[in-house]
Amino acid sequence: MTEDVTEDVDSEAPGSPMVLDSESSRHPQPMYKLMRDLDPIFRVQPAGVIVTKHVDIEQIFKQPDVFSSAMSAADLGNIRPLIPLQIDLPEHRMYRKILQPLFSPQRMNALHDPVTALVNELIDRFIDDDEIDFSAQFSVPFPSQVFLTMLGLPMEELPRFLAMKDGIIRPQDVVGKPTGDPAVTAHQRATATSIYDYFNEILDERRRQPKDDLLSQFLAAEVEGDRLSHDAIVDICFLFLIAGLDTVSASLDCFFRYLAEEPDQRRRLVARPEMVPRAVEELLRWETPVIAVPRIAAQDTELSGCPISKGEHVMVLIASANTDETELPDSDQVQLDREVNRHLAFGGGIHRCLGSHLARLELRVALREWHARIPDYAIPPGTDLLFTTGVRSTTSFPMQLRQSA
C-alpha cells in the first residue's frame, strides 16, 4: 500500500516518455535509463516537470515545504483532500502521529496468520487447474480480502469494494469511453459519492457497536489529546481503498510476471524460501509497480540547475530512481538476496508509504505460500501481457500451472 497515488502522464502527448508498447510496459527499465541519459529533468505537457535521477528525487522528498503534496481535492472525484496523502505540514504531522502506531510492524505482524489463511484459501480454488487468470483469481482479490479482514467486514463485500476501487482508479475502463469523456467523469464522481456514503454508514455502526477492527481503532485513537474526526476517518478510508488495494495487486502482477519469465531465479526462490523477504525488496526496486508520484512546486525553485516555477507540477519517477546506476552501480542486475536495498518504491520523506509494513507482509506471505504449493508456472506462449502506466498492473494475466514432480 502506498500513501502516494500516481497521476498518469498523458500518453497521447507528443514526445511523452510514458508512451509504452507491450515490451516497454513489461520491461520499462531501458526506458528509464534512456530518460536519465538524455535529460534527467525535462518538461512534458500537460504533465509538467519529469524528474528521473535518484539524487534529485531524494532532494524533493526531503523538501515537503518546497515540493507540496497538497493536490487538488477533486483529482479523483473526492470532495475533500485524501488523508494523509494530500495534506502538508503541520497538519500532516498530527495525522501521522495518530496513524503510525496503527500500522506499526508489530500490529501488521499480528495479521500474519489470517493473511496466510487468505492466500491458501485462494490457491485452494485453482490448485488443480491447468490454467488460470492470475490477476482475476489471485492478485486482485487477495489485497481486497485483507482490507476487508482489517475493517471487520464480510467477504461478501468484495465485489462492491472492487467496483468502488475501479470506479475511481480506472473509470474509463468501466465506462468504456476515453478519459475526459463526461460519462467517465460522472461515473467517477458517482463512485466517490458511494464511497463516502458507505464509510459514513459503517462508521456510524462502529460507534454504536465497536469491534476489534481498524475502523474501531480509528475511532478510539488519541495521541496527546488529538483525535480523528468522522470526516477525517472517511477520507483516510477513501485513500486506503484506492491506494492499498491496487498497488499490492500491481506488485503481485509485476513480481509474478518477472518470476514466470525468469525460471532460474524462481527456482532459487523455491529452493531457498528464507530469501523471500529480500526478494520482495529487490523486486520492489527492480519492478517498482508505482512508477511515479506527483508533487507541486509551492514556490519558485530549481533542481540540479533546472528552474521550476511556483504551481508547476513535478512528476517524480521513483521507478527510474530505483534503477539509477549512479546510486547503485549494479542496478541493472536483479539479486534476489541483495542485502542492502535503499529503494524508493514506498516513496520517501514525510509522505513515505504509511502502509508499507502491511504491503510487505502481504507480498512476503503471498510469495512464500504460493511457491511452497505452486513452484512451477509459466505465461502461455504467445501471450502479450500489457501493463498500465502509472500503476503497473494487468487487466488479464493468463498463467499456466504446472506442478513439479
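Residues numbered from 1 in each chain as written. Predicted model: local features only at pLDDT ≥ 70, side-chain atom pairs only at ≥ 80, totals over all residues. Heavy atoms only, no water.

## Comments concerning the overall build of the chain
Formally: Strands here mean DSSP runs of E at least two residues long; helices mean DSSP runs of H or I at least four residues long; both are numbered from the N terminus. Within these notes, the globule rule equals 2.2 Å times the number of residues to the 0.38 power, and the radius of gyration is based on C-alpha atoms. For every residue, the accessible area (1.4 Å probe, protein chains only) is compared with the maximum for its type, and the residue is labelled buried under 20%, exposed over 50%, or partly exposed between those bounds.
The helix and strand inventory of the chain stands at 17 helices and twelve strands. Relative to the globule expectation of 22 Å for 405 residues, the C-alpha radius of gyration of the chain, 21 Å, shows essentially globular dimensions. If you line up the chain on its principal axes, its C-alpha atoms span 60 × 60 × 45 Å. For the chain, with 405 residues in total, the buried portion stands at 57%.

## A look at the side chain of S251
The line we're drawing: When checking whether two residues touch, look at their non-hydrogen atoms; a contact exists if any pair is within 4.5 Å.
Its location among the elements puts S251 in helix 13 (residues 230-261). Setting aside residues up to four positions removed in sequence, S251 forms contacts with L284, P289 and L363.

## Brief notes about the sheet that holds strand 10 (residues 313-316)
Pairing between the strands of a sheet is mediated by backbone hydrogen bonds and can be parallel or antiparallel. How we decide: One bridge is not enough; two strands pair if DSSP finds at least two bridges between them.
Pairing is mixed in the open sheet, where five strands are placed in the order 1-2-10-7-3. Looking at the sheet topology across the chains shown, the edges are occupied by strand 1 (41-44) and strand 3 (67-68).

## Things to note about the packing of helix 6 (residues 112-126) against helix 17 (residues 356-373)
Cut-off, in case you're wondering: Between N-to-C directions, angles span 0 to 180 degrees; the directions come from axes that are lines fitted to C-alpha atoms, helices contributing only their stretch in contact. Angles are sorted into four bins: roughly parallel if under 35 degrees, roughly antiparallel if over 145, roughly perpendicular if 65 to 115, and oblique for all others. Crossings are assigned a handedness: left-handed for a near helix turned anticlockwise from the far helix by less than a right angle, right-handed for a clockwise turn. The nonpolar class holds Ala, Val, Leu, Ile, Met, Phe, Trp, Tyr, Cys and Pro. Asp, Glu, Lys and Arg form the charged class, and all remaining residues, Gly among them, are polar.
In contact at an axis separation of 9 Å, helix 6 and helix 17 are set at 40 degrees when each is read in the N-to-C sense. The angle between helix 6 and helix 17 falls in the class oblique. Considering the relative orientation of helix 6 and helix 17, their crossing is right-handed. Across from H112, V115, T116, V119, N120, I123, D124 and F126 in helix 6, the residues of helix 17 making contact are L361, E362, V365, A366, R368, E369, W370 and R373. Taken together, the residues of the contact of helix 6 with helix 17 break down into eight nonpolar, three polar and five charged.

## A short note on the pattern of salt bridges
The condition is simple: Salt-bridge detection follows one rule: a side-chain nitrogen of Lys or Arg within 4 Å of a carboxyl oxygen of Asp or Glu.
Under the counting rule described, the total for this entry stands at 36 salt bridges. R26 serves as the salt-bridge partner of E23, at 3.0 Å between the closest nitrogen and oxygen. Residue E23 and its partner R26 are located together in helix 1 (residues 22-26), separated by three residues, close to a single helical turn. Looking at E23, the relative accessible area reads 38%, which means it is partly exposed. With a closest N to O distance of 3.1 Å, D226 and K97 form a salt bridge. You can see D226 sitting in strand 6 (residues 226-227) and its partner K97 sitting in helix 4 (residues 91-99), a full 129 residues away along the chain. One salt-bridge network, held together by shared partners, links E23, R26, R257, E261, E287, D384 and R392.

## Topic: the sheet that holds strand 12 (residues 398-401)
Strand order in the open sheet made by the three strands is 4-12-11, with antiparallel pairing throughout. At either margin of the open sheet sits one strand with a lone partner, and together these are strand 4 (131-133) and strand 11 (377-378).

## Considering empty space enclosed by the protein
Leftover empty space is mapped by rolling, across the atoms, a probe with the size of a water molecule. Rules: Any residue with an atom within 4 Å of a point lines the site, the site being either a cavity, points on a 1 Å grid over the protein atoms alone where a 1.4 Å probe fits but cannot get out, or a pocket, an open set with protein on both sides within 12 Å along at least 5 of 7 lines. Grid points are joined across faces, edges and corners, and a volume is the space filled by probe spheres set on the points.
One pass over the full model with this rule turns up three cavities of 30 Å³ or more. If you add up the space inside the second largest cavity, you get close to 50 Å³. Along the walls of the second largest cavity sit I60, F61, P64, F67, S69, R295, G348, G349, I350 and H351, which together make up its complete lining. Residues that form the lining of the second largest cavity fall into these classes: five nonpolar, four polar and one charged.

## What to know about unusual backbone geometry
For the bond from I83 to P84, the omega torsion is 0 degrees, close enough to zero to count as cis. Looking at where P84 falls in the secondary structure, it is placed in the loop between strand 3 and helix 4. Omega for the bond connecting L89 with P90 falls within 30 degrees of zero, at 5 degrees, which places this linkage in the cis form. You will see that E224, though not glycine, has its phi angle at about 55 degrees, which is positive. Within the element layout of this structure, E224 appears in the loop between strand 5 (222-223) and strand 6. Despite not being glycine, S304 has its phi angle at roughly 50 degrees, a positive value. As for its position among the elements, S304 is in the loop between strand 8 (301-303) and strand 9 (306-308).

## As for the state of the cysteines
We count it as follows: By convention in this document, the label disulfide applies to cysteine sulfur atom pairs within 2.5 Å.
Evaluation of the coordinates by the stated rule reveals zero disulfides. C254 takes part in no disulfide bond, and the closest cysteine sulfur to it belongs to C353, at a distance of 16 Å.

## Observations concerning a negative patch on the surface
Quick note on the threshold: Patch construction takes residues with relative accessible area above 30% that form no salt bridge. Like charges are linked within 9 Å, and nonpolar side chains (Val, Leu, Ile, Met, Phe, Trp, Tyr) are linked within 5 Å. Method for areas: the Shrake-Rupley scheme with a 1.4 Å probe, in which residue coverage is limited to the protein chains shown. Charge counting treats Lys and Arg as positive and Asp and Glu as negative, with His and both chain ends excluded. Every charge is mapped to an atom, namely NZ of Lys, CZ of Arg, CG of Asp or CD of Glu.
On the surface, a cluster of negative charge is contributed by D128, D129, D130 and E131. Here D130 lies in the loop between helix 6 and strand 4. A residue is classified by how much of its surface remains accessible, and D130, at 64% relative accessible area, is exposed.

## Details of the packing of aromatic side chains
Stated formally: Aromatic pairs are defined between Phe, Tyr and Trp rings, using the six-membered ring for Trp, whenever the two ring centres lie within 6.5 Å; interplanar angles under 30 degrees are classed as stacked, those over 60 as edge-to-face, and all others as tilted. Both a distance and an angle decide whether a charge sits over a ring: NZ of Lys or CZ of Arg must be within 6 Å of the ring centre and within 35 degrees of the ring normal.
Applying the stated rule across the entire model yields 17 aromatic pairs. Pairing F218 with F240 gives two aromatic rings, centres 6.4 Å apart and planes at 45 degrees, and the pair type is tilted. Of the two residues, F218 is situated in helix 12 (residues 214-220) and F240 in helix 13; the sequence distance between them amounts to 22 residues. Through a chain of ring-to-ring contacts, three or more aromatic side chains come together here, namely F126, F134, F138, F142, F256, W370, Y377 and F397. If you follow R266 out to its NZ or CZ, it ends over the ring of Y377, 4.7 Å from the centre.

## A look at the side chain of H351
Counted only if it meets this: Under this definition, polar contacts are N or O atom pairs within 3.5 Å; protein pairs additionally need one hydrogen-donor-capable and one acceptor-capable atom, and for neighbouring residues in sequence, both atoms have to be side-chain atoms.
Considering the arrangement of structural elements, one finds H351 in the loop between helix 16 (318-321) and helix 17. For H351, a relative accessible area of 2% puts it in the buried group. A polar contact is formed between the side chain of H351 and the backbone oxygen of I87, at a distance of 3.3 Å.

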